[in-house]
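Structural characterization, general
Given next are the chains, with one letter for each unit.
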Amino acid sequence: MTGTAIFFLVLAIVLVWGGFTVSVLALSRRPDRHDFPPGGVDDHREDVGPVERDT
């Protein structure tokens, strides 16, 4: 591998893992959002699944 290829490999690894690390840290600090508007009433129907269609 050439020096340019190694440089871009290291750059891609740093960008991917760095972004992953930053997102994990951000989610660990503020896991829930509190700025959503109030929602509707939950009717607790856990036994009703999504509609399945034979296509």
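Residues numbered from 1 in each chain as written. Predicted model: local features only at pLDDT ≥ 70, side-chain atom pairs only at ≥ 80, totals over all residues. Heavy atoms only, no water.

1. Regarding the overall build of the protein chain
Along its length, the protein chain carries one helix and zero strands. Evaluated residue by residue, the protein chain yields a buried proportion of 0% over its 55 residues. Counting only carbon and sulfur atoms, one obtains 63% of the accessible surface of the protein chain, whose full area is about 5,900 Å². (Helix = DSSP H or I, 4+ residues; strand = E, 2+ residues; numbered from the N terminus. Buried < 20%, exposed > 50% of the residue type's maximum accessible area, 1.4 Å probe, protein only. Areas by Shrake-Rupley, 256 points an atom, 1.4 Å probe, with all protein chains shown as cover.)

2. Brief notes about the UniProt feature "transmembrane region" (unreviewed entry) in the protein chain
Under the local residue numbering, the UniProt record ascribes the feature "transmembrane region" (unreviewed entry) to residues 6–27. Between the C-alpha atoms that bound residues 6–27 the distance is 31 Å, and the span itself is 100% helix and 0% strand. (UniProt positions renumbered as here; feature names shortened; annotations may be inferred.)

3. Observations regarding the packing of aromatic side chains
Per the counting criterion, the structure on display carries two aromatic pairs. Note on F7 and F8: the rings are 5.4 Å apart at their centroids and 70 degrees apart in plane angle, and the pair reads as edge-to-face. Measuring from ring centre to ring centre gives 5.7 Å for W17 and F20, while their planes differ by 90 degrees; the resulting arrangement is edge-to-face. Within this pair, W17 and its partner F20 are both found in helix α1 (residues 3–29), separated by three residues, close to a single helical turn. (Phe/Tyr/Trp six-rings, centres within 6.5 Å; stacked < 30°, edge-to-face > 60°.)

4. A few points about a nonpolar patch on the surface
Side chains of M1, I6, L9, V10, I13, V14, V16, W17, F20 and V24 sit close together on the surface and give an oily, nonpolar patch of about 1,000 Å² of accessible area. Mapped onto the elements, V10 comes out in helix α1. Residue classification places V10 among the partly exposed positions, given a relative accessible area of 46%. (Patch = residues over 30% accessible without salt bridge, like charges linked within 9 Å, V, L, I, M, F, W, Y side chains within 5 Å. Salt bridge = Lys/Arg side-chain N within 4 Å of Asp/Glu carboxyl O.)

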